[in-house]
Structures are given as C-alpha cells and as structure tokens.
Amino acid sequence: MTVRSPLSAIAAPDGTQSQARAGRPIRMLPVLAGLAGVIAAFCIVVAWFPSALWGTPIQGIDAPAHYYFVRKLLNHGPSVLLTLQSNDGFYPPLFHVCAALLVAIGGALGIPAFTGSMAVMDAVNCVWILGAGLLWPLGMLLLCRYFFRRASVVTRCILAFAVPVLAVSSGANPYQMLYAGPLLSYGFASNLLPFLMLATLHFMDAITDTRAERNERNERLLKTGLLTLLAFVVVAGAQPKMMFTYILVMLPFVLVRLPWKLIAAVFAGLAVCAVGFFIFAVNIYKNSRYFHPEQWFHTHKPAMTLPTSLTYAFSDGMVTGDPAKGLISFNVPTVAGRAMIALLVFAIVAAIAAVVMNLVPFVPRSKVVRGLGAADRPDVALGKDALALLLAFGFVLFVFECGATLTGAIPNVVTAVWYRNEVRTMTMLPLGILPLIAFAGACLDRWVIRVRNAGDDSVRGGSAMAASAEAGRTVVVSAETPSAVASHAVTGSAMTARVVASRAVSAICASLMVAVLIGAQTVNPVKAMMAESLTNAASLEKSDPNEQLTTAKFDALKRMVGVTGTDALIISDPLNGSMYATALFNANMLYPVYNPQDTIHGKIFGQVERDFASGDSATMLGNACGINPSQPTYFLTMGPQAPSLEFQFKAQFNQFHDAALIAKYVESGALKPVATLDLTTYGDYAADWALYQLNCPAR
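Residues numbered from 1 in each chain as written. Predicted model: local features only at pLDDT ≥ 70, side-chain atom pairs only at ≥ 80, totals over all residues. Heavy atoms only, no water.

## Side note on the overall build of the chain
Here's step 1: If you tally the helices and strands in the chain, you get 25 helices and 7 strands.
Here's step 2: Taking all contacts inside the chain whose residues are at least 6 apart in sequence as the whole, residues at least 24 apart take part in 72%.
Here's step 3: On the chain, roughly 32900 Å² of surface is accessible, and the fraction owed to carbon and sulfur atoms is 65%. (Helix = DSSP H or I, 4+ residues; strand = E, 2+ residues; numbered from the N terminus. Contact = heavy atoms within 4.5 Å. Areas by Shrake-Rupley, 256 points an atom, 1.4 Å probe, with all protein chains shown as cover.)

## Regarding the packing of helix α5 (residues 119-148) against helix α8 (residues 184-208)
Here's step 1: Two elements in contact, α5 and α8, have axes whose closest approach is 9 Å; the angle formed by their N-to-C orientations is 25°. As the angle between them shows, α5 and α8 are arranged roughly parallel. Here the hand of the crossing between α5 and α8 comes out left-handed.
Here's step 2: Of the residues assigned to the contact of α5 with α8, the class counts are 20 nonpolar, 5 polar and 1 charged. (Axes fitted to C-alpha atoms, helices over the stretch in contact; angles between N-to-C directions. Parallel < 35°, antiparallel > 145°, perpendicular 65-115°, else oblique. Left-handed = near helix turned anticlockwise from the far one by under 90°. Nonpolar A, V, L, I, M, F, W, Y, C, P; charged D, E, K, R; others polar.)

## Looking at the sheet that holds strand β3 (residues 569-571)
Here's step 1: Taken together, the 5 strands give an open sheet; going across it, the order is β4-β3-β5-β7-β6, and neighbouring strands pair in mixed fashion. Both edges of this open sheet fall to β4 (588-589) and β6 (671-673), since each of them pairs with a single strand only.
Here's step 2: Taken together, the 3 bridges between β6 and strand β7 (residues 690-694) define a ladder with antiparallel strand orientation. Paired with P673 across the strands is Y692, a residue of β7. (Pairing = 2+ DSSP bridges.)

## With respect to a nonpolar patch on the surface
Here's step 1: Taken together, the side chains of I26, M28, L29, V31, L32, L35 and I39 make up a nonpolar region of the molecular surface, amounting to roughly 630 Å² of accessible area.
Here's step 2: Summarising the element assignment, L32 is placed in helix α2 (residues 16-48).
Here's step 3: Since its relative accessible area comes to 48%, L32 is described here as partly exposed. (Patch = residues over 30% accessible without salt bridge, like charges linked within 9 Å, V, L, I, M, F, W, Y side chains within 5 Å. Salt bridge = Lys/Arg side-chain N within 4 Å of Asp/Glu carboxyl O. Buried < 20%, exposed > 50% of the residue type's maximum accessible area, 1.4 Å probe, protein only.)

## Quick notes on the packing of α8 against helix α10 (residues 242-257)
Here's step 1: It is the contact of α8 with α10, at a shortest axis distance of 10 Å, that shows an interaxial angle of 20°. As far as their axial angle goes, α10 and α8 are roughly parallel. Between α8 and α10 the crossing geometry is right-handed. Residue-level contacts link Y186, A189, S190, L193, L196, M197, T200, L201, M204, D205 and T208 of α8 to M242, M243, T245, Y246, V249, M250, F253, V254 and R257 of α10.
Here's step 2: Of the residues assigned to the contact of α8 with α10, the class counts are 14 nonpolar, 4 polar and 2 charged.

## Let's talk about the state of the cysteines
Here's step 1: Applying the stated criterion to the full structure yields 1 disulfide.
Here's step 2: Two residues share a disulfide in this structure: C625 and C696, whose sulfurs sit 2.0 Å from each other. The disulfide joining C625 to C696 has a torsion of about -80° about its S-S bond and is therefore left-handed. With a gap of 71 residues between them, C625 in helix α24 (residues 617-626) and C696 in the segment after β7 connect regions that are remote in the sequence.
Here's step 3: Relative accessible area serves as the criterion here: at 27%, C696 is assigned to the partly exposed category. (Disulfide = S-S within 2.5 Å.)

## Section: helix α25 (residues 659-668)
Two residues of an α-helix separated by three or four positions point the same way, owing to the 3.6 residues in each turn.
Here's step 1: Residues L661, I662 and Y665 constitute the buried set of α25. Mapping the buried residues of α25 onto a view down its axis gives an arc of 100°, with all of them on the same face. For α25, exposure combined with an orientation more than 90 degrees from the buried face picks out A659, A660 and E667.
Here's step 2: Where α25 is buried, its residues touch α23 (603-613), α24, β5 (633-637), β6 and β7. (Arc of directions from axis to C-beta.)

Shown next, in the form of structure tokens:
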C-alpha cells in the first residue's frame, strides 16, 4: 500500500481544498444571476412607471385617502399609527409609514422632491416603486429558489435571472394595484407575501425534519418560527386582508406535509378565526342577507367570460384586445402570452408526472419510471411539493374564476373576502404560476442529468468490455447469445432516443422562456394601456372641467388654502375634487376621502350632511361649528361630482350642490361669501364656485 504525504493533498491539483476554492466562483454564479435579474426587473418597473405621476397626484378614487394617511402621520406622528382613517378607525399603516419616513428624512436632508407641496405624492411613488420593482421580484426569486435550489448550476442561473423578470412581466401584479384604485396597501402586502410564504415553508421543513438531533431541531424550529412570525407581522402591517391569500396558497402545503394532528390543529384555528370574523362582520356591518349568500353582492356583474378569464389566467395577463372595450375584455394572447401558456402547460404536466412517479404506489418503477430517466426510488418530498404546487395553482385559478366569471352563492362566499371581483384576485396569479414553472424547470434539470448519466454509464461499460477483449486477445468472440446482443442494441437505441428527447425538450423550454422574457418587454398591451390610463388621469388638462382634478381646480384649491390656512375646517363634497386639497396643500378638509365612515368618531360626518340638508340655519351651524371651535369653518362649492369617481352612496353629498339651499343660507347670514377669493374667473363652468365662511356663534 502506498502511503501519501499529508502535503500531497495540498500540492495535488485535485485536492479537496483546491476543489473547494475552485467551486466557490461557480456557486456564486446563481447569486450573481439572481442579482442581475432583480436589477433588470427594477429597471423594467422604473421604465414603465408613468412620468406624469411625478409632480401631480395619482387621480383615482382611493388615491386621496392614501395621501391623507401620510399627511396625518406627518402632522400627528406615531400617536395616530392605528387610527389613520378619517373617523379614527384602523387602516394598515406600513405603506404610509414608509412614505412618511421618506418625506421626513428627505426633507431633513434638503432633497427637493421631499420639501415642496408634492413631497407626499413623490414619496408615495417612491415607496410603490420600491415595493413593485425591488421587494416583489426579490421575494419571488427567493420563493421560487426554494423549489429549484438543488438543480444544476446552469439551471439555477437561468431560473435565478428569469424569475424576477417574469415577476414584473405580467399586468396582473404589481401594476394592477397602481392602476385600479389605486390599492396601494394591498399591493404592498402582495409584494411582501412571498417572503412570508418562504419563511413558512422553512418552518414546515423544521417541523417535519425527524433526522436532526433534538437540540438542533429545536434551534431550527425556534429560528424559523420567529422568522415566520416576523414576516407575518410585517405583511399584516401592510394589509391584514392579505392573510386570506396567504391561507389559500399555503393550505396545500399544510395538507401534504404536516402530520394529521397539526393539520387538524390548523383547521381548528381557521374555524375559530372564521367564526370570530363572522361575528365581527355581523355586528359591525349590519345586513339582513348574511344567511342568504345567493343575495350577496346583488349588484355584481361578471367582468369576464369564461374563455377570457382562462386565457388571462394561463397567459399571466399577457393578452391583447380592443382598448375601447377595456382591459378586462382582452382575450387574445400575445406572443409572450402564448409562450407563457405553453410553459405553464409543461409545468403542470411535469408536476403531475412528479406526483405519479413519486406518490402513486402502483406505478411499475422498473420499466416506466426508469425509462423516463427517473431515480430507482421514489422521492416523496419531491412528489409532495409537486402536489402542493398543483393544488395551490388550482385554488388560485378557482378563486380568480369565481371573482371574474362565475355567479351564485358559492362564488359569493368564496370571493367575499376579496370584495367579489377580479381586481384583487389577479394579484394571486403569479403566486400560483411562477413557483410551478420554477419547480418544473428543476424537474427537467433532474431528468436531463439522469438521462445523460445513464447514457454515459452505458458508453463507459461498452468501452471497458471492448478494451478488455483487445488486451486479452480473447479467443471466444462472444459469450452472449444473439438475443442478448440485440437487447444491447435496442437498449443503446432507446438511450440515444431519451438523450435526444431530453435535449429537445430542454431546447423548447429555453426557447419559450426567452420568448416570454423578451416578448413581454416589447409587446405588452395590458401594461401599456395601464400606463396610458394613469398618464391621462394624472393630466390636469382635461376636456371635462368637472373632472376630479384640473388646472383650474388645482389653482382654486391652492388659492383657497392661502385664505383659510391649514387649520381652519373646510366642508365640501369630496367627489368634486376638493378631497385633493389635503393631499396637495395639507388643508383641513372635513371629508378628505370619498367614503367617510360614520363608525367610531365618524358620526359627525353624517350629522353635518343631515344638518346642511335641514334648511334651518341654526341646525346647519350647530354641529359644523363645534368640530373645531377655535378656528373658522368654511364651505366650498366647486362644481358637480366628477364623472370618473363612481361611489355607490354618492347621493349623501347632494345637499352640498343644492343652489337654492345655499342661497337660503346666504340670505339668512349663516353663510358669508369670502369676498377676497373669487373662484368664478376660470370660465362659465365655474359660475357657482365659491368659498363661504360659516357665521358661527361665539363660544
């Protein structure tokens, strides 16, 4: 036996340490590819973001509320963290806290964007870009990496770059949340959700790991449990309603991974939460139809036909159509959309194959499974992941279809927590699609490697037999029967066919991936139309002077605050655009949002509306003057309600547009026109624009 010197391992080029040093750069390649993918995704989001939103507010029915929440935090500090609503009710604060901190820090540093009247608007834009362009693609990368972390370096590099770019290629998320509403808090929570899902998966791994020593397992349980709890708190701080999506997507993993006792405990906890939520809803939101779900959302109409919604879902929103009919009518896949459909179908087939090969006990592994290049023994963990991903995608698709297409009691119940429409359920689509594609990519990688290795083993075996025969000058030409020789030939042909098939499938999938990555950035009508719509809405130059915010209204609100200051109370119909006065100029509007709720401290809103409609001067002045008695109280008229602001209960503000009623209060002296501010100079449409001061009695 030859004894090697200890130094020989160091000197040898194939020593362990040399191999470790050589392997470090290779192991870093997927990390660098992922970093490049996230940077590319960030650039895509920044390039898409409408430039018109810098310098003007987002004009959507929910936008003034988000600006108001940031203003409230800046004006009152942490004391209002849990009472952001205009009635001092709770609204999830994380998005607005980030925007307020950005304004405070940027203002302290003297950054121009955060020192002027548009500081709040620009900060909101920056936080949205941070969430959509950085947190979302990074979170999806880390989540999907969980399913391809054991693939080859090449596959990991490809998927690490592709997943972040795919995450921002769809119109479903994150762009939908800026376009619709905007639903900024919900969108921010959607961007954070992948981190919570990843933490939960690792927590489940720690729970089901029976091979580790007790101390090691307990330590891992503690770390992953705390990380999951932290992620849960962060996502809940962004939007607690996102927990419904979290439960929907993670429930399949609970079902296929955890022991039955823990599954029962999870369902018991969900049942308790469901009962508690029902009791809360019944007591807070009074309604006689709770036990008649077929009557819920009686005004709801399906937004999509079944073929349209299925096309949208399977193409991940990469569709086109007639812009005149609206985005929800788009039902023709683009080139990228067709490639995405093909990728998704392949991913579903691959996941089904993984379930069959690894979880179905009666599959004849000796022929069928080995013939496909799979391992001799089933990989149960792989099969469970495949089953969970298939179920998660199925759940997401079902909820989306219920919200977009289906009607009746069951869809009403299923989608109630998502407000019975397709807007919020669209954000789930990438959560069901991208992990499934990443998993399929890893499965394809395993198949290709095993087929290649099997072929190499066959070639090496044949070469060794030939070399041995040549060296020994064997007299016996062959000890095998003719049938055995034929069997080797057939086996070799079959192996060659499998190698060719694996390479062909890999090439097709790679081509489809490239088509999606490039095609989605070059031709994406959904994203383009969203950007165009936001740009048009942000413009102050509108053909309809009664729209929510125009050049004239912007100037009128600015001049108004110059007269009233930021402490005096101003009453006006928020749907005429006056609610933007708080966002733009920090005005103290009684109605800074379109839907002031009359719960908690909000009863005053309804009282002022009813008092104004009474026609009695003393009644009209009573409650309104008592809200902020140390400051003057004003009433603003600024045209009719904006046609683009649709609100089911907008009639509650009709009395603020009653010219005869206003004239009666002026005649009685209850309202005094502010002579120093003439708002009628903008044109004929502004003939009734005026600022009045309430003649409040001395207190």
